[in-house]
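An overview of the molecular structure
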Amino acid sequence: MPVILVQNPPASAANLAESLVGHLIGRAGLDLTLVGRFDSLADDSTDRMTLDSITVPSAVLDWRSEPEMLDVLAAIEFHGSRCPHQLDPDGPFAPGQSPRRLFLFDLTKHNDVEKIIAELDRLRASLSVKTVSLGALGSGGSTTIKPAANKDAANRDVKATARPVPVTAPRQPAPVAAASPRSDENLDSLIDQLDDLDV
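Conventions adopted
- Residues numbered from 1 in each chain as written.
- Predicted model: local features only at pLDDT ≥ 70, side-chain atom pairs only at ≥ 80, totals over all residues.
- Heavy atoms only, no water.
- Helix = DSSP H or I, 4+ residues; strand = E, 2+ residues; numbered from the N terminus.
- Buried < 20%, exposed > 50% of the residue type's maximum accessible area, 1.4 Å probe, protein only.
- Contact = heavy atoms within 4.5 Å.
- Areas by Shrake-Rupley, 256 points an atom, 1.4 Å probe, with all protein chains shown as cover.
- Phe/Tyr/Trp six-rings, centres within 6.5 Å; stacked < 30°, edge-to-face > 60°.
- Lys NZ or Arg CZ within 6 Å of the ring centre and 35° of its normal.
- Pairing = 2+ DSSP bridges.
- Axes fitted to C-alpha atoms, helices over the stretch in contact; angles between N-to-C directions.
- Polar contact = N/O pair within 3.5 Å; in protein donor to acceptor, adjacent residues only side chain to side chain.

Details of the overall build of the protein chain
Each helix and strand counted, the protein chain has five helices and eight strands in total. Taken from N to C terminus, the helices and strands of the protein chain fall in the order β-α-β-α-β-α-β-β-α-β-β-β-α. Here the protein chain, with 199 residues, has 32% of them falling under the buried criterion. The contacts of the protein chain with a sequence gap of at least 6 include a subset with a gap of at least 24, amounting to 57%. For the protein chain, the exposed area adds up to about 12900 Å²; of that, 54% sits on carbon and sulfur atoms.

Regarding the packing of aromatic side chains
In the structure shown here, the tally under the stated rule is zero aromatic pairs. Over the ring of Phe78 we find Arg100, and its NZ or CZ is 4.0 Å from the ring centre.

Some thoughts on the sheet that holds strand 4 (residues 81-82)
In spatial order, the strands read 2-1-3-5-4; together these five strands make up an open sheet with parallel pairing. Every interior strand has two partners, whereas the edge strands, strand 2 (31-35) and strand 4, have only one. Relative to strand 2, strand 1 (residues 2-6) is paired through five bridges, and the arrangement is parallel. Residue pairing for strand 2: Val3 is matched across the bridge by Leu32. Contacts from helix 3 (residues 66-75) reach strand 3 (58-62), strand 4 and strand 5 (101-106), with the element oriented near 130° to strand 5. This element, helix 4 (residues 113-127), spans strand 1, strand 3 and strand 5 of the sheet and lies at about 170° to strand 5.

Concerning the pairing of strand 3
In terms of residue burial, strand 3 counts as a mostly covered element, since five of its five residues are buried. Note that strand 1 and strand 3 share three bridges and pair parallel. Bridging from a neighbouring strand, Ile4 pairs with Val60 of strand 3. Of the pairings in the sheet, the one linking strand 3 to strand 5 comprises five bridges and is parallel in character. The partner of Ser58 across the bridge, within strand 5, is Leu102.

Structural notes on the pairing of strand 5
Of all six residues in strand 5, six are buried, a share of seventy percent or more. Where strand 4 lies against strand 5, two bridges are found, and the strand directions are parallel. If you follow Ser81 over to strand 5, its bridge partner there is Arg101.

Quick word on the side chain of Arg64
Its place among the elements puts Arg64 in the loop between strand 3 and helix 3. For Arg64, a relative accessible area of 14% gives the class buried. Among the polar contacts made by the side chain of Arg64, one reaches the side chain of Asp62 at a distance of 2.9 Å. Once residues lying within four places of it in the same chain are set aside, the contact partners of Arg64 are Arg37, Asp39, Met69, Val72, Asp106 and Thr108.

On their own, these measurements won't tell you what the molecule is for.
Take a look at the structure:
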């Protein structure tokens, strides 16, 4: 899950910003992207191109309120639907506005790094697709269950489809006939057959 962290903390929150970066860099399943202030990004800037490439549900961490974040993101045409989560439970989910889901974190209200990281991990886990294989050794097949939709903050139903995977039993080797005992008679017969081939 992309985590977009705006790099303009107030002086009093510089330690929080450093700690968040330290915890998020290289964290499995969370892709940290550092950007400048949204309202200061030029159309041809690297930050704008990076944001334009993000089309999946994302977390946005900024030093302003959630409604202000939505306004400034809309101004740079990074549209998304604000989705509620444990640190923004009152976030109105409005899926009709944009297909991109945004989990907004107002860092002026939340300064506990452990809680922020725990919530990001929880959101990542809720968005991940899980595949479970069922089957016993020696059975004729196995079944794979794969969710057709991710469970999100709107608590959509997760649909599962089962598809049997055929397993072919290994082929048994054909029995080998017992070798006939060596004899001069057999050797003579083979020589005669070679002569008949006229090679």
